[in-house]
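Examination of the molecular architecture
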Amino acid sequence: MSVAPLPPYNAQGYNNYQIAPPGLIIPQPVFIGTPAFIPSEYPVQCVCSRCQQPITTRIEKQNGLLTWLLVGGFLLFGCWFGCCLIPFCVDAGKDTAHYCPSCSQLLGVKKQI
Ligand SMILES: [Zn+2]
């Protein structure tokens, strides 16, 4: 059993790769700006717009519109005596603010509503 020899590297038809002649400058894609920051409820990997460091955001939960709507809803349905304050203790209904761990820049807020 014999194995056919592989065609020599860069032979015609083997691939389309061509070596650039010396002196030829091949334009490289230039990365401008920061990747689009898409806030989520979890820490996001991105490049800080202030200190230009690749970071994983530090998140903090904030009371948002949904939190207050839930409080109002609890009040409407008769949850008096402090029960209406439950939404302030539940992170699920809160907005998520993303901060840079290096420079503490606010990078974005994921709002529930
Ligand atoms: Zn930063």
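What counts, and where the lines are drawn
Residues numbered from 1 in each chain as written. Predicted model: local features only at pLDDT ≥ 70, side-chain atom pairs only at ≥ 80, totals over all residues. Heavy atoms only, no water. UniProt positions renumbered as here; feature names shortened; annotations may be inferred. Helix = DSSP H or I, 4+ residues; strand = E, 2+ residues; numbered from the N terminus. Buried < 20%, exposed > 50% of the residue type's maximum accessible area, 1.4 Å probe, protein only. Areas by Shrake-Rupley, 256 points an atom, 1.4 Å probe, with all protein chains shown as cover. Pairing = 2+ DSSP bridges. Disulfide = S-S within 2.5 Å. Donors = N, O, S within 2.8 Å, 3.2 Å for Na, K, Ca; no water. Tetrahedral: all angles 85-135°; square planar, octahedral: opposite > 155°, others 65-115°. Axes fitted to C-alpha atoms, helices over the stretch in contact; angles between N-to-C directions. Phe/Tyr/Trp six-rings, centres within 6.5 Å; stacked < 30°, edge-to-face > 60°.

Within an unreviewed UniProt entry, the label attached to the chain reads LITAF domain-containing protein, and the organism entered is Rotaria sordida. Under the UniProt heading Sequence similarities (unreviewed entry), the note attached to the chain is "Belongs to the CDIP1/LITAF family."

If you tally the helices and strands in the chain, you get 1 helix and 5 strands. Overall, the chain shows an N-to-C arrangement of helices and strands of β-β-β-α-β-β. Burial statistics for the chain: of 113 residues in total, 18% are counted as buried. Surface accessibility of the chain: about 8,800 Å² in total, with carbon and sulfur atoms responsible for 63%.

Turning our attention to the pairing of strand β4 (residues 95-99). With respect to burial, β4 is a largely interior element, 5 of its 5 residues being buried. The alternating pattern of β4 places Asp-95, Ala-97 and Tyr-99 and Thr-96 and His-98 on opposite faces, both of which are buried. Here strand β3 (residues 58-62) pairs with β4 via 5 bridges, running antiparallel. Bridging across to β4, Ile-59 finds its partner in His-98.

For the structure on display, the rule yields 0 disulfides. Distance from the sulfur of Cys-84, which forms no disulfide, to the nearest cysteine sulfur (Cys-83) is 7.6 Å. Taking relative accessible area as the criterion, Cys-84 reaches 10% and is therefore assigned buried.

Bringing the coordination of the zinc ion into the picture now. For a metal bound by four donors in a tetrahedral arrangement, the ideal donor-metal-donor angle is 109.5 degrees, while six donors in an octahedral arrangement ideally sit at 90 or 180 degrees. For the zinc ion, the full set of protein donor atoms is Cys-48 (SG), Cys-51 (SG), Cys-100 (SG) and Cys-103 (SG), and the range of their distances to it is 2.2 to 2.3 Å. Given 4 donor atoms and angles of 103 to 120° at the metal, the environment of the zinc ion is assigned as tetrahedral. We note that the donor set of the zinc ion lies within a single chain, spaced as C-x2-C-x48-C-x2-C. Linking Cys-51 in the loop between β1 (45-47) and β2 (54-56) with Cys-103 in the loop between β4 and β5 (106-110), this pair joins segments that are 52 residues apart in sequence. The partly exposed category is assigned to Cys-51, whose relative accessible area is 24%.

Moving on, we come to the sheet that holds β3. Taken in spatial order, the 3 strands make up an open sheet running β3-β4-β5, and their pairing is antiparallel. For this open sheet the edge positions go to β3 and β5, each flanked by a neighbour on one side alone. Across the sheet, the axes of successive neighbouring strands diverge by a mean angle of 25°, strand direction being ignored.

With that settled, consider the packing of aromatic side chains. Enumeration over the complete set of coordinates arrives at 1 aromatic pair. Plain terms: the ring middles of Trp-68 and Phe-88 are 5.0 Å apart, the flat faces sit at 75° to each other, and that makes the pair edge-to-face. In this pair, Trp-68 sits in helix α1 (residues 65-76) while Phe-88 sits in the loop between α1 and β4, placing the two residues 20 residues apart along the sequence. Given a relative accessible area of 21%, Phe-88 falls into the partly exposed group.

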